[in-house]
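Here is how the chains run, residue by residue.
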Amino acid sequence: MRVTAILVNYRTPDLTVGCLRALAGERAALPGLDAIVVDGGSGDDSAERLAAALSTPEFADWVRFVPLAFNGGFGWANNQAIRRALSGAEPPDAVYLVNPDAEPEPGALVRLVETLTTHPEAASAGSLLLSPEGEALGSAFRFPTLAREFLRGANTPALERLMRVPPVMVAGQVPQATDWVTGASVLLRAEALRQVGLFDEGFFLYFEEVELMHRLRRAGWTNRFVPASRVRHVGGASTGVTDGNSAQRRLPDYWFRSRRRFFARAYGPGAARLSALAWIAGFGIWRLRELAGLGRQSAHAPAELADLRRNGLAPVALDRQAAIGRWDDPVDRLPAWAEDKA
């Protein structure tokens, strides 16, 4: 299987180079492996530093560098690289998306390739993420739903048991088909991307891989979790939002907007409003428990309710518009939401 690895850098050039060095070890087992590094409009000296590092003999014969002048978000930047890969003279069979702050362990990418090879129905294969200390992080998930948003707001064990709704995060380390896998280390089959489209460029950051894998599932593909593919993940190097516990710090505005857009695109505009109301209803239950001294500590991000309201409960006009990238679209075309800012 011919694979192109894609790394989107945003002000983390040293981590990007470190990730490439980890990937270089996979080339012995995957001779067709090459890479595209995209600088997503960092606006600092990242592009210059990466250009210098990637021109050295260590990388020059297998890594291509694409500096972008505009920061159009994670999905848009990845789409620029995917288009270049799939429209090339020797397009890959799959693209491997890996975050610069991730360090694949030896054999991690090979395990993903083996999974897509032995499971022709699978559109994606995702790794098990580990903290720098080796602790397993959330890597495989179920799709967000109205019930799960209510339970996320309530954060109440008794309600979770009563409603018998499986949680968003898939527990354990068993290889399996799942709703979606983390975009920090995932191998995507090119055939599936050509069929359903690339990332929806209406997302700036967060939920873009959830929406893509929701589309893949609707089209009949599966997404697989591969715990034998192990990847160390710093998490939050570019965004400041860390793995495992979003309650550690305030969530950025684009997290709320992306969450709203996911519900609007996946389930319809009405579901976007209902999902916000479901979370607020659950949050009210948690707040009452907290006042009674029963609420879980650090259950929600700081000011989450205020930020949810400020960013809007109902979908906006852009949420109602599809912005799914195609593999054969022109490269470097700005996302629709940014055209008036160019």
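Described in the following lines is the structure provided in the data block.

Moving on, we come to the overall build of the protein. Looking only at helices and strands, one finds 11 helices and 11 strands in the protein. Since a compact globule built from 342 residues should have a radius of gyration of about 20 Å, the 20 Å found for the protein is in line with a globular shape. Oriented by its inertia axes, the alpha-carbon framework of the protein measures out at about 65 × 45 × 40 Å. A burial count over the protein gives 54% of its 342 residues as buried. Counting contacts in the protein only where the partners sit at least 6 residues apart, residues at least 24 apart contribute 82% of the total. Carbon and sulfur atoms make up 53% of the accessible area of the protein, which totals about 14600 Å². For the protein, the distance from the average site of its 39 positive side-chain charges to the average site of its 38 negative ones is 8 Å.

For the rest of this paragraph, the subject is the packing of helix 9 (residues 253-267) against helix 11 (residues 304-311). For the pair helix 9 and helix 11, the least separation of the axes is 9 Å and the interaxial angle reads 65°. Helix 11 is crossed by helix 9, and the crossing has right-handed handedness. The residues of helix 11 that touch helix 9, namely those facing Asp253, Phe256, Arg257, Arg259 and Arg260, are Glu304, Asp307, Leu308, Arg310 and Asn311. Looking at the contact of helix 9 with helix 11 residue by residue, the classes come out as 2 nonpolar, 1 polar and 7 charged.

Next up on the list: the pattern of salt bridges. Per the stated rule, a full pass over the model turns up 23 salt bridges. For arginine 152, the salt bridge is made with glutamate 304, and the minimal N-O distance between the two is 2.9 Å. Here the residue arginine 152 occupies a position in helix 5 (residues 146-154), and glutamate 304 occupies one in helix 11, the gap between them amounting to 152 residues. Since its relative accessible area comes to 28%, arginine 152 is described here as partly exposed. Across the salt bridge formed by aspartate 307 and arginine 250, the nearest N and O atoms sit 2.7 Å from each other. Remark: arginine 250 occurs in the loop between strand 11 (222-233) and helix 9 and aspartate 307 occurs in helix 11; sequence separation between them is 57 residues. Each of Arg250, Asp253, Arg257, Asp307 and Arg310 takes part in one network of salt bridges that share partners.

Let us now look at unusual backbone geometry. Phi is positive for arginine 164, which is not a glycine, with a value near 55°. Residue placement: arginine 164 occurs in the loop between helix 6 (157-163) and strand 8 (176-178). A residue is classified by how much of its surface remains accessible, and arginine 164, at 75% relative accessible area, is exposed. Phi at phenylalanine 207 takes a positive value of approximately 70°, unusual for a residue other than glycine.

On to the layout of surface pockets, then. Any empty space left between atoms is shown by rolling a water-sized probe over those atoms. Considering only enclosed or pocket space, the second largest pocket measures out at about 280 Å³ in volume. Around the second largest pocket, the lining is made up of 13 residues, and of these Gly202, Phe204, Arg257, Leu318 and Trp337 lie nearest the centre. Its residues assigned to classes, the lining of the second largest pocket shows 6 nonpolar, 2 polar and 5 charged.

As a further point, take helix 9. Spanning 15 residues, helix 9 covers 22 Å between terminal C-alpha atoms, matching the ideal 21 Å at 1.5 Å per step. Where helix 9 is concerned, the buried positions are Trp255, Phe256, Ser258, Arg259, Arg260, Arg261, Phe262, Phe263, Ala264 and Ala266. Contacts from the buried residues of helix 9 go to helix 5, helix 8 (208-218), helix 10 (269-291) and helix 11. Residue glycine 268 follows helix 9 closely and has a positive phi angle near 110°.

Once that is clear, we can look at the pairing of strand 4 (residues 94-98). In terms of residue burial, strand 4 counts as a mostly covered element, since 5 of its 5 residues are buried. What you see with strand 4 is no split at all: Ala94, Tyr96 and Val98 on one side and Val95 and Leu97 on the other are buried throughout. Sheet topology note: the strand 1 (residues 3-9)/strand 4 ladder contains 4 bridges and is parallel. Bridge pairing in strand 4 links threonine 4 to valine 95. Direction of pairing for strand 4 relative to strand 10 (residues 185-189): antiparallel, over a ladder of 5 bridges. Bridge assignment links valine 98 to a residue of strand 10, and that residue is serine 185.

As a further point, take the nonpolar core. Residues Val38 and Leu216 are the most contacted members of the largest nonpolar core, which totals 58 residues. Not counting residues within four places of it along the chain, the set of residues in contact with valine 38 comprises Leu7, Val8, Asn9, Val66, Leu68, Ala77 and Ala81. If you look at the next biggest cluster of nonpolar residues, it comprises 36 residues, including Val17, Val63, Ala102 and Val231.

Calculation notes
Residues numbered from 1 in each chain as written. Predicted model: local features only at pLDDT ≥ 70, side-chain atom pairs only at ≥ 80, totals over all residues. Heavy atoms only, no water. Helix = DSSP H or I, 4+ residues; strand = E, 2+ residues; numbered from the N terminus. Rg over C-alpha atoms; globule rule 2.2 N^0.38 Å. Buried < 20%, exposed > 50% of the residue type's maximum accessible area, 1.4 Å probe, protein only. Contact = heavy atoms within 4.5 Å. Areas by Shrake-Rupley, 256 points an atom, 1.4 Å probe, with all protein chains shown as cover. Lys, Arg positive; Asp, Glu negative; His and termini not counted. Charge placed at Lys NZ, Arg CZ, Asp CG, Glu CD. Axes fitted to C-alpha atoms, helices over the stretch in contact; angles between N-to-C directions. Left-handed = near helix turned anticlockwise from the far one by under 90°. Nonpolar A, V, L, I, M, F, W, Y, C, P; charged D, E, K, R; others polar. Salt bridge = Lys/Arg side-chain N within 4 Å of Asp/Glu carboxyl O. 1 Å grid on protein atoms, 1.4 Å probe; cavity = no way out; pocket = protein on both sides within 12 Å on 5 of 7 lines; lining within 4 Å. Points joined across faces, edges and corners; volume = space filled by probe spheres on them. Expected span 1.5 Å × (residues − 1). Pairing = 2+ DSSP bridges. Core = buried A, V, L, I, M, F, W, Y, C linked by side-chain atoms within 4.5 Å.

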